[in-house]
Amino acid sequence: MPSAPPRRPGGPVAPAAVALAFWVTMAGTTVPTPLYPLYQRAFGFTTFTVTVVFAVYALGVVVGLLTLGRLSDRIGRRPVVLAALLLAAAAATLFELADSLPWLLAARVLSGFGAALVTGAATAALLDLAPPERRLRAQTVALAANMGGLAGGTLLAGALAEWADAPLRLPWTVTLVLTGAALLGLLAVPETVPTEVRRAGRSGPRTGSTLRFRAPHVPPAVRPAFLRAALAGGAGFAVTGVLTAVSGLFLATVLGLHNHALTGLVVALAFLSTAVGQLLVRVLPPARALPLACAGLVLATALVAGALLSGTLPPLLLGACVNGLATGTAIGTGLGTVNAGVEPHRRGEAVSAFFAVLFTMLSVPVIGVGVLVRATGLRTAGVTFSAVVAVLALAVAAGLVRRPRRGAAPEPTAPVAAAAQLAAGPAAAPAAPAGKA
C-alpha cells in the first residue's frame, strides 16, 4: 500500500496566510492611485507634486531592495513578512490621518519599504512551503498575490471613493482591517528557514552586512542581455507609473470623466496584464519573447498617445493592457536571463539589481512627466513621454537585431522563482530546498 505524501509544514492554511499577507501589502501600495485627484483638491497641490508623491514610493522600494534584499534568508521569512505588514499598517494609518503633504510622503516611503520586504520574503516562503511537485503552482500563487494585490488595491479604493462616504478615510480603514486579518494569519505560518541559519544570521560575522547598502552587480557575461531586458521592462514600468500617477487627471481633464472607480480600473488592467505577460514567457520561444515585448511597448505608447490626442477612453484601456503584457514579458525574460546565466551565489545580487533598475525607471520618468505637464500641459507631456518610451523600445529591439541573444534559454519557471532571490542570500538558488528559496 503506497504511503501518504508528507504533509507540508503548516498544512494548507500556511500558504494561504502568506499569500494574503503578500496581497494585502501590495494592495496598500496602490490604494492611493484613484485618490490622488481628491488629495490634490484637499491639500491644494499641483500635478507635479502628485508625481513626486508617487515617485518616493519607488525610491523606498529601491532603497529597500539594496539594503534589505537578503534579510529573510538571514533572520527568517516570518519576521520579514511581519515587518512588511507592520510597515503597511503604519503607512495606512498615516494616510488615514493625513492633513498635509508631508504625511503623504512619509506614508509612501513606508509603503515602498514594505513592498521591498514582502516581495522576496513572501515569494520565498511560498516556495519553501510547497512540496517539490507543486513549486510551479507556488510560483503562480506568488505572482497572483503580487499583481493581484496591486490591481486589487486600486480597484478597492476606486470603488469605495466613488460609491461610499469619506473617500480619503474609508479605503484606509478597510486596508487596516485587511492588514489585521493578515497579521492574525501569520500565526498559522511556520518558519521555514532552519534555526541554525537564523542563529548565524543574527549573531554571525555577516550580521554587520545584513543592513548594509550593496551596489548592484551583474556578471559581465550576461550584462548585455540583462540590460536589454531591464531597459524594456523599465520602459513598461515607466508607462505603468505614469498611468498610476496621472490617470485620474487625464480622465477628469481630458475626458471629463470624474469617476474614481474608472481610474482604478485603468491601472488594475495594467497590473493584471503584467501578470499575464510573465506567464506568457513560459510558452513563448525564448528568442521571440523580448522582440515581442518591444513591439508591444511601441504599440502601447501609440495607443496611449492616441487616447491623449483624440480624448477617447478605449485606446487608453487597450494601451494599459498591451503595455502590461509587454512589460510582464520583458520582466520574465530578464529574470530568466538571470536564472540561466548567473552563478547561484550571485543570483540574489543580480535579481536585486534588475528590480532596482525597474523601480528607478518607474520613478524618474514620472517626475519628468510632472515637470512637462506643468510646462506644456497634459496632452503634450503625455505624447512626448510616449514617443520617448517608443524610441527606447525600438533601440532595445535594434540591439537584439545587431547582437542576437546567445546562451541557455531561461527555465520555464524562472520568472517568479527568481523573484524569491530578493530575500535569499548569495548562495541561494531559485529551486533550492525548503529554507533556501
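This one's a predicted model, so the numbers in the text were calculated from it and none came from an experiment.

## Examining the overall build of the chain
- Along its length, the chain carries 17 helices and zero strands.
- Looking at the chain alone, contacts between residues at least 24 apart form 85% of all its contacts between residues at least 6 apart.
- For the chain, the exposed surface amounts to about 16,700 Å²; the carbon and sulfur share of it is 70%.

## Let's talk about the packing of helix 11 (residues 223-253) against helix 12 (residues 260-280)
- Between helix 11 and helix 12, the least distance of the axes is 9 Å, while the angle of their chain directions is 160°. The orientation of helix 11 with respect to helix 12, classified from their angle, is roughly antiparallel. Crossing geometry of helix 11 relative to helix 12 is assigned as right-handed. Contacts between helix 11 and helix 12 involve Thr240, Leu243, Thr244, Ser247, Gly248 and Leu251 from the former and Leu262, Thr263, Val266, Val267, Ala270 and Phe271 from the latter.
- For the contact of helix 11 with helix 12, the residue count by class is seven nonpolar, five polar and no charged.

## What about empty space enclosed by the protein?
- Inspection of every chain in the model, using the stated rule, returns seven cavities of 30 Å³ or more.
- As for the second largest cavity, its lining consists of 14 residues, of which Val242, Leu243, Val246, Val304 and Leu308 are closest to the centre.
- Secondary-structure elements contributing two or more residues to the lining of the second largest cavity are helix 11, helix 13 (286-310) and helix 16 (378-402).
- At six residues, helix 11 tops the list of elements feeding residues into the lining of the second largest cavity.
- For the lining of the second largest cavity, the class distribution of residues is 12 nonpolar, two polar and no charged.

## Examining the packing of helix 1 (residues 13-30) against helix 5 (residues 77-97)
- Direction vectors running N to C along helix 1 and helix 5 enclose 35°, while the axes themselves pass 9 Å from each other. For the crossing formed where helix 1 meets helix 5, the hand is left-handed. Along its contact with helix 1, which presents Ala21, Val24 and Thr25, the element helix 5 presents Val81, Ala84, Leu85 and Ala88.
- Residues that form the contact of helix 1 with helix 5 fall into these classes: six nonpolar, one polar and no charged.

## Notes on the side chain of Thr263
- Topologically, Thr263 is positioned in helix 12.
- Residue classification places Thr263 among the buried positions, given a relative accessible area of 4%.
- Ignoring sequence-local partners within four residues, the contact set of Thr263 consists of Thr33, Pro34, Thr154, Ser247, Gly248 and Leu251.

## Some thoughts on helix 6 (residues 101-129)
- The terminal C-alpha atoms of helix 6, which comprises 29 residues, lie 41 Å apart, in line with the 42 Å expected from a rise of 1.5 Å per residue.
- A bend of about 30° at Val118 is the largest found in helix 6.
- Counted residue by residue, helix 6 has 21 buried out of 29 residues, so it is predominantly covered.

## Some details on the pattern of salt bridges
- Enumeration over the complete set of coordinates arrives at one salt bridge.
- Taking the shortest distance from any N to any O, the salt bridge between Asp128 and Arg77 comes out at 2.9 Å. You can see Asp128 sitting in helix 6 and its partner Arg77 sitting in helix 5, a full 51 residues away along the chain. The pair formed by Asp128 and Arg77 is uniform in burial state, with each residue classed as buried.

## A few points about the side chain of Thr240
- By the element assignment, Thr240 lies in helix 11.
- Of the polar contacts made by the side chain of Thr240, one reaches the side chain of Asn323; its length is 3.1 Å.

## A look at the confidence of the model for the chain
- With 82% of its residues at a pLDDT of at least 70, the chain reaches an overall mean of 82.
- Across the chain, element-level confidence peaks in helix 8 (residues 170-185) with a mean pLDDT of 97 and bottoms out in helix 17 (residues 414-419) with 39.

## A word on the packing of aromatic side chains
- This structure, assessed with the given rule, holds eight aromatic pairs.
- With centroids separated by 5.4 Å and ring planes inclined at 85°, the aromatic side chains of Phe237 and Phe359 adopt a geometry described as edge-to-face. Note that Phe237 is positioned in helix 11 and Phe359 in helix 15 (residues 347-376), a separation of 122 residues in sequence.
- Looking at Phe237, the relative accessible area reads 11%, which means it is buried.
- In this structure Phe359 comes out as buried when scored by relative accessible area, which is 14%.
- Put simply, the rings of Tyr39, Phe43, Phe45, Phe95 and Trp172 touch in pairs and so form one group of aromatic residues.
- One residue, Arg374, lies across the ring of Phe48, its end atom 4.5 Å from the ring centre.

## Focus on the nonpolar core
- One finds Phe250, Phe354 and Phe359 to be the most contacted residues of the largest nonpolar core, which totals 117 residues.
- Tallying contributions element by element places helix 11 first for this core, with 15 residues.
- Setting aside chain neighbours within four positions, we find Phe354 in contact with Phe226, Ala229, Ala230, Ala330, Ile331, Gly334 and Leu335.

## A word on the environment of Gly44
- For Gly44, the position within the fold is in the loop between helix 2 (36-43) and helix 3 (47-68).
- With 57 residues separating them along the chain, Gly44 and Leu101 place their C-alpha atoms 9.3 Å apart.

## Re helix 1
- Helix length check: helix 1 (18 residues) gives 26 Å between terminal C-alpha atoms against 26 Å at 1.5 Å per residue, within 8%.
- With 14 of 18 residues buried, helix 1 lies mostly within the body of the structure.

## A word on a nonpolar patch on the surface
- Together, Val276, Leu280, Val283 and Leu325 make up an exposed nonpolar region whose accessible area comes to about 310 Å².
- Its location among the elements puts Leu325 in helix 14 (residues 314-341).

## As for the environment of Leu265
- Of note, Leu265 is situated in helix 12.
- Relative accessible area serves as the criterion here: at 34%, Leu265 is assigned to the partly exposed category.
- For the pair Leu265 and Leu156, spaced 109 residues apart in sequence, the C-alpha separation works out to 9.6 Å.

Here is what the cut-offs are and how they apply
Residues numbered from 1 in each chain as written. Predicted model: local features only at pLDDT ≥ 70, side-chain atom pairs only at ≥ 80, totals over all residues. Heavy atoms only, no water. Helix = DSSP H or I, 4+ residues; strand = E, 2+ residues; numbered from the N terminus. Contact = heavy atoms within 4.5 Å. Areas by Shrake-Rupley, 256 points an atom, 1.4 Å probe, with all protein chains shown as cover. Axes fitted to C-alpha atoms, helices over the stretch in contact; angles between N-to-C directions. Parallel < 35°, antiparallel > 145°, perpendicular 65-115°, else oblique. Left-handed = near helix turned anticlockwise from the far one by under 90°. Nonpolar A, V, L, I, M, F, W, Y, C, P; charged D, E, K, R; others polar. 1 Å grid on protein atoms, 1.4 Å probe; cavity = no way out; pocket = protein on both sides within 12 Å on 5 of 7 lines; lining within 4 Å. Points joined across faces, edges and corners; volume = space filled by probe spheres on them. Buried < 20%, exposed > 50% of the residue type's maximum accessible area, 1.4 Å probe, protein only. Expected span 1.5 Å × (residues − 1). Bend = angle between axes of the 7 residues up to and from the residue. Salt bridge = Lys/Arg side-chain N within 4 Å of Asp/Glu carboxyl O. Polar contact = N/O pair within 3.5 Å; in protein donor to acceptor, adjacent residues only side chain to side chain. pLDDT = per-residue confidence, 0-100. Phe/Tyr/Trp six-rings, centres within 6.5 Å; stacked < 30°, edge-to-face > 60°. Lys NZ or Arg CZ within 6 Å of the ring centre and 35° of its normal. Core = buried A, V, L, I, M, F, W, Y, C linked by side-chain atoms within 4.5 Å. Patch = residues over 30% accessible without salt bridge, like charges linked within 9 Å, V, L, I, M, F, W, Y side chains within 5 Å.

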